[in-house]
Amino acid sequence: MTTRTIRARDRPVFGVDVHSGDVRGDSPSYALVVLDPVDEDDPDAPDADGPMARITRDVVSFRKLCRLIDDREPLYVATDNAYELAADKGELVGFLRSLPDGTRLVQVTGAERPEPLSRVASRHGIPYGKEPMKEAEAAARLAAANVGHEVTAFTDETTVKVSRGRSTGKGGWSQDRYTRRIHGNVKKRTRQVQSKLKESNLSFEREVTEKYGGYANATFTVEARPEDIPVSNSRAGDVRVEVERERRDGIEYEPLVKRRDRVIVGIDPGTTTAAAVVGLDGTVHALYSSRTGDTAEVTEWIVEQGRPIIVAADVEPMPETVEKFRRSFDAAGWQPTTDLPVDEKLHRTREASYANDHERDALAAALYAFDDHEDQFERIAAKTPPRLDRGAVIAGVVAGGSSVEAVIEELSEDDGGGGNGDGEDNEETDPTEPERTEEEETIRRLRERVDRLESHAESLEDDLDERDERIAELESELEEAKREERIEARTRRAVSRLEREADRLERERDEAQERVEDLERKVETLKELWRLDHSNFGDVAEGQGLVSVKVVEQFTLDALDDADEAYGLVDGDVVYLRDASGAGRRTAERLAETEPRAVIRGDGKISDVADEVLFERAVPVVPADVVPVREVDELAVASEEDLAAAVDDWEKRAEERRRDEKAERIDRIISEHRAGRTLPETEE
């Protein structure tokens, strides 16, 4: 690991080892070593021969370690055993879930069967000691050099869920409008998330649950890590967004660096230097761009990606900086006949994800170089024996300028280990066999070469037969694919037509709903103005043989107060109790205080206590069956003639009731008097 390696990083690396305690017992403490990146322009930066980075050492608790990880967001959290941070697999999964996006847990000693840390450190030239702090530092330095395996419990798929941020409630006058607004906002946020994913060229699948007015929720399954997705957890108003990685079946270990063999490199020099690495099969491996990186830093990054056999530029002639890179790697150069137009570069890199125009230009140069050599790569691969490395043969032909046969012969001799320094065979010879002449040795080598070529020709013929069969299969599949494509095209056209029709209907529906809401507001306003203009309900019924009635929903104090607040309860009112049951003395006295002309009883039987209070206050109570009440919105009227007749009938019955009560009182007094006179005689 070089000084430049750690300085090239823009985030720290944590090394962790158990200092005291046991993760399965009492709360352990950890030795923590932090390697902070160093800016080369910093006057306090270490020299190349000195320390590789600013090193911070500390002993922390598990809680403080987690807090530091959340605050600093290191690139790696390195340890010699991942289960020093968790007691079991469940806790380890929870720890991995808590790591910030972009922070990786690294086990530097290997995968499921780790090696001793001392052996790994010795192999990579890292200082090692048995003390926990020195082991933590060794783990940090190894991870900074991309040694070890990432411990992961999650796939590279991420679920983004857009859902309601609040409940739609239990109901009310505005329930439909409230629910429609929430679902509409969820749908709007879903479209925004989908647009961001498309802008980032991310592959995803979408599932939505449609509800009244829009979506209840939407789920995106994205083929990317959370740090690569332009959406984060959020909750604002009616909508909530949750981002969560897909869980694996178990714990897996993935190497930090997957060394790639021969590659094609595109370079775009300038104020911002960019580089792109493409494999010999056209796969985009990595992209790089830096405004401050020098030639050595770019070279080191390319070396970490693989061994270039072609260095490409997107302009003609090749810039001197690109030519220096080509010479440093002893690679072949590629440049277009004329400068690549921007529209062609955009089209060629449309399926890739890049951060800026410089990375796009570098990637376009590498991809066009691959396109130009693709047929040559296939021809070389067809001639390469199975036992030889195809990339090595391509490198020898393209970068070395040799023929395919010469490279194959050279690699075959090297691979077989045959031939000493004099070109003679290393096999043991029979001492009784006469020494071969130079011509005989040449004939022997040529015969062996003929045998190899004949074997290779047979292998190629077999490959040719297999390829013919494969071509026939592909042609059949192509016909089937074309048929399915025609069906899909028709389906897409029909779906597009239906979607346009649905969008039109949705717009018309939304416009109609807005008109309904406007009309509802106008009706409410007109009602309010009507109530203000007809505060005296009696004016409405005057001269029509009708009497105005003020409606009270229930015979309760709250309902009386609501009616009084809405239109007032005054002397001489006719009150209609829609539900007359349940009233007590206080409620009846409250109604009697308003001195109504009469009370019309609706559903329910009036209580004896309330009936007694109203009778004592001379408030007539008549049933709704006798005096029907007609209601129009908040206005209620009854027939004056029916009301007068009912009141007269009540007064007659009230007079009889008073006489009966008076007679009852007299009888009770006489009975009590007689009982008082007979009591002394009985005592004698």
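Data block above holds the structure.
In this text, all values refer to a predicted model and were calculated from it rather than measured experimentally. (Residues numbered from 1 in each chain as written. Predicted model: local features only at pLDDT ≥ 70, side-chain atom pairs only at ≥ 80, totals over all residues. Heavy atoms only, no water.)

Asks: Honestly, the nonpolar core in this entry has me stumped. Any pointers?
Replies: Nonpolar side chains tend toward joint burial in soluble globular proteins. If you look at the biggest cluster of nonpolar residues, it comprises 32 residues, and the most contacted ones within it are I264, I310 and F377. Elements with a minimum of two residues in this core: β12 (273-279), β14 (307-312), β15 (332-334), α10 (357-383), α11 (390-398) and α12 (404-416). Those residues in contact with I264 that sit more than four places away from it in its chain are A276, V277, V278, G279, L280, I310, A366, A369, F370 and F377. Grouped together as the second largest cluster of nonpolar side chains are 25 residues, V60, A86, L96 and F154 included. (Core = buried A, V, L, I, M, F, W, Y, C linked by side-chain atoms within 4.5 Å. Buried < 20%, exposed > 50% of the residue type's maximum accessible area, 1.4 Å probe, protein only. Helix = DSSP H or I, 4+ residues; strand = E, 2+ residues; numbered from the N terminus. Contact = heavy atoms within 4.5 Å.)

Asks: What's the story with a positive patch on the surface in this structure? I'm lost.
Replies: Side chains of K482, R486, R490 and R493 sit close together on the surface and give a patch of like positive charge. Tracing the chain through its elements places K482 in helix α13 (residues 438-533). Classification of K482 as partly exposed rests on a relative accessible area of 41%. (Patch = residues over 30% accessible without salt bridge, like charges linked within 9 Å, V, L, I, M, F, W, Y side chains within 5 Å. Areas by Shrake-Rupley, 256 points an atom, 1.4 Å probe, with all protein chains shown as cover. Salt bridge = Lys/Arg side-chain N within 4 Å of Asp/Glu carboxyl O. Lys, Arg positive; Asp, Glu negative; His and termini not counted. Charge placed at Lys NZ, Arg CZ, Asp CG, Glu CD.)

Asks: Help me out: how do you make sense of the layout of surface pockets in this one?
Replies: Looking at the second largest pocket, its volume works out to about 850 Å³. Every element with two or more residues in the lining of the second largest pocket is listed here: α6 (175-199), β7 (204-211), β8 (214-222) and α13. In terms of residue count, α13 provides more of the lining of the second largest pocket than any other element does, 10 residues in total. (1 Å grid on protein atoms, 1.4 Å probe; cavity = no way out; pocket = protein on both sides within 12 Å on 5 of 7 lines; lining within 4 Å. Points joined across faces, edges and corners; volume = space filled by probe spheres on them.)

Asks: Sorry, what's going on with the side chain of D573 here?
Replies: The topology assignment puts D573 in the loop between α15 (557-567) and β17 (574-579). Those residues within four positions of D573 in sequence are excluded, and the remaining contacts are K550, G568, P596, R597 and A598.

Asks: I would appreciate a short explanation of unusual backbone geometry in the present structure.
Replies: Most peptide bonds take the trans configuration, and most residues that are not glycine carry a negative phi. Cis rather than trans, the peptide bond between E316 and P317 has omega equal to 0°. Position of P317 among the secondary structure elements: in the loop between β14 and α8 (320-329). Here E73, not a glycine, exhibits a phi torsion of approximately 50°, which is positive. Tracing the backbone shows E73 in the loop between α2 (62-72) and β4 (76-79).

Asks: Whenever I open this one, a negative patch on the surface confuses me. Can you help?
Replies: There is a patch of like negative charges on the surface, built from D451, E454, E458, E461, D462, D463, D465, E466, D468 and E469. Structurally, the position occupied by D462 is in helix α13.

Asks: What am I meant to see in α11 here?
Replies: Given 3.6 residues per turn, any residue in an α-helix points the same way as the ones three and four places further on. When you tally the buried positions in α11, you get eight out of nine residues, the bulk of the element. Along α11, the positions that sit buried rather than exposed are G391, A392, V393, I394, A395, G396, V397 and V398.

Asks: Explanation requested: the packing of aromatic side chains in the structure shown.
Replies: Both the distance between ring centres and the angle between the ring planes are used here to describe each pair of aromatic rings. For the structure on display, the rule yields six aromatic pairs. Taking 6.0 Å as the distance between ring centres and 45° as the angle between the ring planes, the aromatic pair formed by F62 and F95 counts as tilted. Taken together, the residues span a long stretch of sequence, with F62 in helix α2 and F95 in helix α3 (residues 89-98) at a distance of 33 residues. Sitting over the ring of F615, R657 keeps its end group 3.9 Å from the ring centre. (Phe/Tyr/Trp six-rings, centres within 6.5 Å; stacked < 30°, edge-to-face > 60°. Lys NZ or Arg CZ within 6 Å of the ring centre and 35° of its normal.)

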